[in-house]
Structure formats: C-alpha cells, structure tokens
Amino acid sequence: MRFIRLVSAASLVLPVLGFVVPREQDSLHISTENRDAFFSFNLRIGDDDHKHPKHPPKHPKDPKDPHPPPHPHPPHNDKPGDGDAGKTILEVISNDEAFSKLWSFVKERETLVKALNSSDADLTLFAPVDSAFWEHGGGHGKHRPPPPPEIITQGLLYHVVDHQHKEEDLKNGQLLDTGLTLGSLGDKPQKIRVFEHKHHVALNLRSHIIKDDIKASNGIIQAIDHILMPPPDLFHVTVRFPKIFGLLALAVKRAGLEEYLKETKTITLFAPTNWAFKKLGVKKLKYLFSHKGKEELKKILSYHVSTELVYGPEILEAKNKQLPTAEGHHLNVTVKDKDPEHGHKHQVIEINDQAHAFITDGIAANGVLHAIDHVLSVPKDEDGEGDDDDEEDVMEAVLEYLMDEEDDEGYDFAW
Ligand SMILES: *[C@@H]1O[C@H](CO)[C@@H](O)[C@H](O)[C@H]1NC(C)=O
Ligand SMILES: *[C@@H]1O[C@H](CO)[C@@H](O)[C@H](O)[C@H]1NC(C)=O
C-alpha cells in the first residue's frame, strides 16, 4: 500500500492551495523534474510541521497587534517597519531586517530586482518574514538542501501581484494573478486564492498577513508568516487533503487517470469529497473499486474533468455554462440564488442540478479544483450505445463481484 503511505505523508503538509507569474524572460515552464524536486522539498517541510507542537496562531487583522508566531528557533526579527513612501519596494525590503532572508534571495535575481525597483511599477509584494524561511532552512538537527535556484525564482515570482491590494480589500474567494506564468496553465498567471474566516485573511489557506500595507513608492508590501508555495498538479492537490479527497485520489489511481490529472494542461476538476462518494453506498463503491467496475469508474471520473479551465468568478459572472468533459458529455454549470434562513441571499454553483460546488478554486499547477457534494451521473446516450449500465446490470455485476473472493485488494472505506 505504497499509495496509502504517500497519502499519510502528504497529509502532514498543511494546505497550500494556490501558486504566481514571471513576464517575458521569466516565463518558466515547470518540467517534471522540477516538479518532483519541488514536491519532495514540500513534503519535507510537512514533516517538520508535524514535529512542531502547534501551528502558529491565527493573526488578527489589527496591524497594531501582529502577534508573530512563537518559534523554537533562534530569534528572528519578525517585526517589519512601516516602509517608506519615498522608497521602492526593493529598497524597503533591503533596508528592513525582518526581510533579510527574502532580500538575500531577491538580490541575486536581476529580473526581480528590476521589477521591484521600477518606478513605473504598481505592485503588491507578499513578503515572507525571516522566520517563514527558517522552517525551510534546516534546523531540527537535519540539514536539508535548498530547492534548486529555478524553483526559488518561481516561488519568489509567486509572491508578486500586479496592482496594490490593501489588506482590507482582500476578500474571501478573491483570486490574485501572480508573477508566475505556467505552461501548464496555457502561459497564464498562476493565482493566489484569498480565504477569509472570522476576519482573518489567509492566502492559499496557510499564509497570514502579520503586518499589512507597508508603504513604498511603487506599491505596497504585505508581510506574511509562511511562504506561498506554488501548488502541485491536480492529482497531488487531492492527495494533500486525504480527509476531503482521499477516496477521489484512490479512485483516480484505480481508474488509471493519475497521469492524466498530473500532466493534462488547463483542466477543471469537479472533485467529489469522501462524503460525496459515501453517498453512493458501500455496494456501489465496492463495485466501482472492483476490476469489473473499473471501466465505469473511469467513465464517471472522466465526466468530472472539464477540458476547459474555469475559475469560480467566471462561473458566477456567466451564470450558465456548458462545459466539455474528458468523458465526452457536457456538464451544465449554473448559478442559483439561495435564500438561507438568515434572510440574506447567497449564490451557489450547481452542476447538472445534481451537485453543489461548495469550495471553489482550489489552485493547482495545471488547473483548478472545485469540491462538490455528490458524485455526478454520466448521461446515457439516447441510442444506448456503450451505455448499458442500467440499475439491473449494475446489481448483477455487484452480486458477481461479491461472490468473487479473489478480487479483493483490501481497500476499506473507513477514512
Ligand atoms: C533602485 O532605484 C534607484 C533609483 O530609483 C537607484 O538609485 C538604485 O541604485 C536602484 N537599486 C538597485 C539595487 O538597483
Ligand atoms: C444540459 O442542458 C441542456 C440544455 O438545457 C440539456 O439538453 C441537457 O440535457 C443538460 N444536460 C445535463 C447532463 O443535465
């Protein structure tokens, strides 16, 4: 059960949904080799996280009360200054001790130096304070090599966003285009996803602003407590959240769609949660996870992948979209107004009137993931060709499967 071990190792990595964009000569494409390097680096970070007794506390929005996270390492200066409206972003970070690690990486990269020092620019820099780097830098008696320079450059570009985004303007669900463009996104910028929960803003779930709106002449700086990691491919995003997508990750592997979800560019995954899969019932699940059910499983999963990359805000704006799927049939995605108990309306995204996308915009290197609460059924072809899995046939297959003792790979659904 190598996969299970992979899942539990990955579960130690705290959620990092989200990646940014270089321009022109900085347009880097992530090779498979780099992605592996990035991912193994990331897993080791997760390993360390596990050893810390507690994650840093949530940071309040009040900039006067930043409560930097307690850290078991030698002290860092985690209290950035107020900036200087007469200096560029580059000059501000180079003069502020709280950003000494960031500065040591930035100063070696000419493109970044130019961009952050340009008087024409109007940027937001999400600037990790020194302790954010420390967790990546070793300690704990282990010496870990830093990621390759190209990965560091990509990571830095992921922290640069066009236009000034003040902290108070960051809203739940907002997507920020970064300086990292990816071939796997059709040469479009990778995005950061803003989460807001009880007045705390988190970028890609994990990075919190610990000092906001630091002034500069060519933009603003938001000091953050965790590095923003460019997210992995869609398959690895599901692997990172076993408590939500464990069954989906397992099903994808089982159906032989793992490489498809890793390698295909610009796709959207409507991702049924573990809870959604369990609604199918144990019998249906057992069948789908059997050898006999494998083709049907593949068909169902392919129907959850749109070959069109579509983010939540586009769906909300369009109200109605027919999306092509990898399976062949279309998905009908519609926005409905719901009138909940408390009187204020909110909009929900529904797929085929069957499922509801309750978390949108999980960012991945090759697309985006929207979490859904029901597994979608694949439409039957009118001429019946190829689609003969009506209820009776499925039941028959399930019965056959249940009598087939040797077809047992020991999966259980206890997650
Ligand atoms: C940044 O720009 C200023 C002029 O605006 C210049 O004096 C300074 O040398 C530049 N710094 C770097 C590191 O290029
Ligand atoms: C999608 O909508 C079209 C047009 O309204 C309809 O014909 C089709 O049956 C719908 N498909 C599904 C899977 O709901």
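Scroll up to find the structure this text is about.
Conventions we followed
Residues numbered from 1 in each chain as written. Chains lettered and ligands numbered in written order. Predicted model: local features only at pLDDT ≥ 70, side-chain atom pairs only at ≥ 80, totals over all residues. Heavy atoms only, no water. Near = heavy atom within 4 Å. Polar contact = N/O pair within 3.5 Å; in protein donor to acceptor, adjacent residues only side chain to side chain. Pairing = 2+ DSSP bridges. Helix = DSSP H or I, 4+ residues; strand = E, 2+ residues; numbered from the N terminus. Contact = heavy atoms within 4.5 Å. Axes fitted to C-alpha atoms, helices over the stretch in contact; angles between N-to-C directions. Buried < 20%, exposed > 50% of the residue type's maximum accessible area, 1.4 Å probe, protein only. Phe/Tyr/Trp six-rings, centres within 6.5 Å; stacked < 30°, edge-to-face > 60°. Lys NZ or Arg CZ within 6 Å of the ring centre and 35° of its normal. Parallel < 35°, antiparallel > 145°, perpendicular 65-115°, else oblique. Left-handed = near helix turned anticlockwise from the far one by under 90°. Nonpolar A, V, L, I, M, F, W, Y, C, P; charged D, E, K, R; others polar.

Student: Break down the site of ligand 2 for me, citing the residues and quoting the values.
Tutor: Lining the immediate environment of ligand 2, one finds Tyr303, Gln322, Asn332, Asn352 and Pro379. In this structure, an oxygen atom belonging to ligand 2 sits 3.3 Å away from a side-chain N or O atom of glutamine 322. Asparagine 332 has a polar side-chain atom sitting 2.3 Å from an oxygen atom of ligand 2.

Student: Give a detailed account of the sheet that holds strand S11 (residues 330-338), specifying residues and quantitative values.
Tutor: The seven strands lie next to each other as S9-S8-S14-S13-S12-S11-S10, forming an open sheet whose pairing is mixed. In this open sheet, the two edge strands, each paired with only one partner strand, are strand S9 (305-306) and strand S10 (320-324). Its contacts with the sheet place helix H9 (residues 242-254) against strand S8 (267-272) and strand S14 (367-372), and it is angled at close to 110° to S8.

Student: Outline unusual backbone geometry, supporting the account with residue identities and numerical values.
Tutor: Its identity is not glycine, yet lysine 319 carries a phi of approximately 70°, on the positive side. With respect to the helices and strands, lysine 319 occurs in the loop between helix H14 (312-318) and S10. In this structure, aspartate 353 takes a positive phi of about 50° despite not being glycine.

Student: Could you give me a rundown of the pairing of strand S7 (residues 219-224), with the residues and numbers involved?
Tutor: The element S7 is extensively covered by neighbouring structure, given that six of its six residues are classed as buried. The side-chain alternation of S7 yields two buried faces, one formed by Gly219, Ile221 and Ala223 and the other by Ile220, Gln222 and Ile224. Taken together, the six bridges between strand S1 (residues 123-128) and S7 define a ladder with parallel strand orientation. From the neighbouring strand, leucine 125 faces S7, where its bridge partner is isoleucine 221. The turn linking strand S6 (residues 207-216) back onto S7 is made up of two residues.

Student: Explain the packing of aromatic side chains to me, using residue names and the numbers behind them.
Tutor: Centre distance and the angle of the planes are the two values used to describe a pair of aromatic rings. Summed over the entire model, instances satisfying the criterion amount to zero aromatic pairs. Sitting above the plane of the tyrosine 311 ring, lysine 191 keeps its charged end 4.8 Å from the centroid. Directly above the ring of phenylalanine 195 sits arginine 193, whose terminal nitrogen or CZ lies 4.2 Å from the centroid.

Student: How would you summarise the side chain of threonine 124 if you had to cite specific residues and measurements?
Tutor: In this fold, threonine 124 is placed in strand S1. A distance of 2.7 Å separates a polar atom in the side chain of threonine 124 from the backbone nitrogen of histidine 165. Beyond its immediate sequence surroundings of up to four residues, threonine 124 is in contact with His159, Val160, Val161, His163, Gln164, His165, Ile220 and Gln222.

Student: Mind laying out the packing of H9 against helix H13 (residues 294-303), listing which residues take part and the relevant values?
Tutor: For the pair H9 and H13, interaxial distance at closest approach is 9 Å and the crossing angle is 120°. As judged from the angle between their axes, H9 and H13 are oblique. When the axes of H9 and H13 are compared, the crossing they make is left-handed. Along its contact with H9, which presents Leu248, Ala251, Val252 and Arg254, the element H13 presents Lys294, Leu297 and Leu301. Considering only residue class, the contact of H9 with H13 consists of five nonpolar, no polar and two charged.

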